[in-house]
Amino acid sequence: MFEWITSWFQAEPVPIEIKTDIDHTVNSNKVVVYSKTYCPYCSSTKSLFENLKVPNVKVVELNLLNKGSLIQRGLYEKTGQNTVPNIFINQKHVGGNSDLQALNAQGKLKQLLE
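Residues numbered from 1 in each chain as written. Predicted model: local features only at pLDDT ≥ 70, side-chain atom pairs only at ≥ 80, totals over all residues. Heavy atoms only, no water.

Under the counting rule described, the total for this entry stands at three salt bridges. A salt bridge links Lys 46 to Glu 61; its shortest N-O distance comes to 2.7 Å. In this pair, Lys 46 sits in helix α3 (residues 40–51) while Glu 61 sits in strand β2 (residues 57–61), placing the two residues 15 residues apart along the sequence. What makes Glu 61 buried here is its relative accessible area of 16%. (Salt bridge = Lys/Arg side-chain N within 4 Å of Asp/Glu carboxyl O. Helix = DSSP H or I, 4+ residues; strand = E, 2+ residues; numbered from the N terminus. Buried < 20%, exposed > 50% of the residue type's maximum accessible area, 1.4 Å probe, protein only.)

What follows is the structure, encoded as structure tokens:
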């Protein structure tokens with residue numbers, strides 16, 4: 001009975017088109033940040049890239065898109081991360097803001113950006 005009740009709250013599978021769009025975005029850009037405009041961690045991530053003068057950072061503001069929640073669920077399926085920012089550099093998932101800040105503090109971020 002518990003499975004029947006919990007099935008009411010399970011989300012529909014993420015459409016393949018959304019997953020394909022995520023893959024295309026990640027593969028077509030050197031740096032991709034999936035973000036939300038009101039998120040302070042996202043702002044910190046975007047500021048770091050701006051301060052480092054990283055060109056052509058692709059920022060996808062999920063809260064401004066009709067399918068933003070579907071994209072976020074697709075990102076979770078792809079990366080296991082359900083939070084924003086969700087950051088990719090050279091097609092590699094690097095994590096969120098804390099991960100990015102740690103890479104920068106360790107001097108490893110500039111190597112990833114090359």
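Once that is clear, we can look at unusual backbone geometry. A cis geometry characterises the amide bond from Val 84 onward to Pro 85, with omega recorded as 0°. By secondary structure assignment, the location of Pro 85 is in the loop between α4 (68–79) and β3 (86–89). Within the chain, Asn 90 stands out as a residue other than glycine whose phi angle is a positive 50°. Of note, Asn 90 is situated in the loop between β3 and β4 (92–95). Although it is not a glycine, Gln 91 adopts a positive phi angle of roughly 65°. As for its position among the elements, Gln 91 is in the loop between β3 and β4. Taking the relative accessible area as the measure of exposure, Gln 91 reaches 41% and is therefore partly exposed.

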